[in-house]
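Next come the chains, spelled out residue by residue.
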Amino acid sequence: MSVYKRIGILLSVLFVTLVFTTFFAGIDIKQRILVLGVALDKDEYGYKMYTEVVVPTENTGESNSGGMRRILSGRGKTVSEAFQSLNKYNGHLFSLGQCNLLAICGNLMKNHNVSDCLAYFAYSDAFKDGVTVVGTELSCEDFFFAEMPTETFVTFAVHSAVTGNGKRINVPVMDLLEFVKANATLSACSYVPVISFIREIQPDASDSARQSMQKCISSDKMAVFVKGEFKEMLDADEMKSFNLVNGKDYYHVFVVDDSIISSTLPRKIAVGNINKSVNTEYSLKNGRPLIKIRLDMQIKRLRTDTDGLSLPFMPVGEREITPDISRQVQNECTHRIEEIYSRLINLDCDILKIYSGFYKSLGAEWTAYTSFHPDWLQNTSVTAICNIS
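Asks: What is the right way to read the packing of helix H9 (residues 236-245) against helix H10 (residues 323-346) from this model?
Replies: Packed helix pairs are characterised by how far apart their axes lie and by the angle those axes make with each other. At a minimum axis distance of 9 Å, the contact between H9 and H10 shows a crossing angle of 100°. Considering their axes alone, H9 and H10 lie roughly perpendicular with respect to each other. Residues Asp237, Glu238, Lys240, Ser241, Phe242, Leu244 and Val245 of H9 lie in contact with H10, whose contacting residues are Glu332, Cys333, Arg336, Ile337, Glu339, Ile340, Tyr341, Arg343 and Leu344. Broken down by class, the residue content of the contact of H9 with H10 amounts to eight nonpolar, one polar and seven charged.

Set out below in structure tokens:
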């Protein structure tokens, strides 16, 4: 390599270094507000936005806190204006890269189209695609002011409750990008878990003690949206049925009658799945869409058994899965699968991606069929075959 080329490369490196150090210098962390969660609502005046944030502080003496929790709010006719008002009145630069929760609150969730406002966050370079989306019937003013028994930050507590931090839990959830993409499909159907805060009341607690009980998180409902608008609320039992066929790795528990009658074993036992696979076949027969679902599940007895109440650990004894137990679980699974499909079909809601399944199997034949049969979903027949071992 010639001397001139080497000098040219060196000058180029120095120029690039100078540009980056001059124009992309880091901003002091004390000038930032770290946004952890956002709650969004809407009323007759426009959008309301509440944020749970950390305001960095200098460590003094032996203190090592590093930041203070704050709840900041903004308003605007659009989501953008509401967010800009946060910057305008708080005098710090908001950092959104740490945000991991977006809550759709009360009036916005049930009475307005949520697609556009969520698309604003999805298309923003500042927000992560994996931000978890939840719904709540609370106003955004109340959402972040709940008192958690074991967690200072409501955002962390709610996020852990619906995602499980890597553990298998039975809460159907969509992240921000999944939600926006789902609403951009032909079916335009999506869902979010609905969060509420309930007080744990002890039977022997006094009236004053009951008032001071800490709140715990409930996520036993699911809000369903069609074309961005609220359609229906599914309860805990329907969520359990939805999880059976949703395809994600949920853990399922079934309470059945014990076929082994013993003085040392309870009449009711709980069994859970070791593994599960769901295969769905889509076809057209005699001009009618047909769905055939095959569920293969291996189950085992759980070490703690319940008939709705917490019971002690089971004594060591017979633990095999009898044909009668398998048959009970099989009947329940078959009923749940057919029931949830029927429920969603009646709602004209395709959160199970039925249209996409038919299109992948039939291609142009399905496109031609649906063009002449706009009511195809209501005419769809579902059969479930469950193999439990």
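Asks: Can you help me understand helix H4 (residues 115-122) in this one?
Replies: For an α-helix the count is 3.6 residues per turn, leaving residues at separations of three or four pointing the same way. For H4, the buried fraction is high: six of the eight residues fall into the buried class. Every buried residue of H4 is accounted for by Ser115, Cys117, Leu118, Ala119, Phe121 and Ala122.

Asks: Just to check I follow, could you spell out the packing of aromatic side chains for this structure?
Replies: Aromatic ring pairs: the centre-centre distance and the angle between the two ring planes describe each pair. Per the counting criterion, the structure on display carries 13 aromatic pairs. With a centroid separation of 5.5 Å and an interplanar angle of 20°, the aromatic rings of tryptophan 366 and tyrosine 369 are classed as stacked. Here tyrosine 369 and tryptophan 366 lie together in helix H12 (residues 364-372), a separation of three residues that amounts to about one turn. A relative accessible area of 10% places tyrosine 369 in the buried class. An aromatic cluster of at least three residues, connected via ring pairs, comprises Tyr282, Tyr355, Phe358, Trp366, Tyr369 and Trp376.

Asks: How should I be thinking about the environment of glycine 74 in this particular structure?
Replies: Structurally, glycine 74 is set in strand S3 (residues 67-76). Look at glycine 74 and you get buried, because its relative accessible area is 9%. Taking the C-alpha atoms as reference points, glycine 74 and tyrosine 47, separated by 27 residues in sequence, lie 8.4 Å from one another. In this view, glycine 74 contacts Tyr47, Lys48, Met49, Ala82, Ser85 and Leu86; residues no more than four positions away in its chain are not counted.

Asks: Even after reading the chapter, I still don't get the environment of serine 115, so can you show me in this structure?
Replies: Secondary-structure assignment places serine 115 in helix H4. Of the residues examined, serine 115 reaches a relative accessible area of 19% and is grouped as buried. When the C-alpha positions of serine 115 and valine 226 are compared, they lie 9.9 Å apart, and in sequence the two are 111 residues distant. Every residue in contact with serine 115, bar those within four places of it in the chain, is listed here: Asn183, Lys227 and Gly228.

Asks: How should the pattern of salt bridges be read in this particular structure?
Replies: Two side chains of opposite charge can pair, provided their charged atoms sit close to one another. Counting across every chain of the model gives 10 salt bridges. In this structure, the salt-bridge partner of glutamate 137 is lysine 110, at a minimum N-O distance of 2.9 Å. A residue pair is termed long-range when its members are at least 10 positions apart, and glutamate 137 in the loop between strand S6 (132-136) and helix H5 (140-143) and lysine 110 in helix H3 (residues 106-111) qualify at 27 residues. Glutamate 137 gets classed as partly exposed once you look at its relative accessible area, which sits at 42%.

Asks: Mind showing me how you'd approach unusual backbone geometry here?
Replies: Note on backbone geometry: most residues besides glycine have negative phi, and most peptide bonds are trans. Backbone geometry at lysine 227 places phi at a positive 55°, although glycine is not the residue there. Given a relative accessible area of 61%, lysine 227 falls into the exposed group. Even without a glycine there, the phi angle at lysine 353 is positive, about 60°. Secondary-structure assignment places lysine 353 in the loop between H10 and helix H11 (354-362).

Asks: Would you mind going over the pairing of strand S12 (residues 268-285) with me for this structure?
Replies: In summary, the side chains of a regular strand alternate between the two faces of the sheet. When strand S11 (residues 253-257) meets S12, the two strands line up antiparallel, connected through five bridges. The residue of S12 that forms the bridge with phenylalanine 254 is valine 271. Two elements, S12 and strand S13 (residues 288-301), share 14 bridges in a ladder whose sense is antiparallel. Within the sheet, the bridge partner assigned to lysine 285 lies in S13 and is arginine 288. Taking the residues between adjacent antiparallel strands as the criterion, S12 and S13 are bridged by two residues, where asparagine 286 takes a positive phi near 55°.

Thresholds, definitions, all that
Residues numbered from 1 in each chain as written. Predicted model: local features only at pLDDT ≥ 70, side-chain atom pairs only at ≥ 80, totals over all residues. Heavy atoms only, no water. Axes fitted to C-alpha atoms, helices over the stretch in contact; angles between N-to-C directions. Helix = DSSP H or I, 4+ residues; strand = E, 2+ residues; numbered from the N terminus. Parallel < 35°, antiparallel > 145°, perpendicular 65-115°, else oblique. Contact = heavy atoms within 4.5 Å. Nonpolar A, V, L, I, M, F, W, Y, C, P; charged D, E, K, R; others polar. Buried < 20%, exposed > 50% of the residue type's maximum accessible area, 1.4 Å probe, protein only. Phe/Tyr/Trp six-rings, centres within 6.5 Å; stacked < 30°, edge-to-face > 60°. Salt bridge = Lys/Arg side-chain N within 4 Å of Asp/Glu carboxyl O. Pairing = 2+ DSSP bridges.

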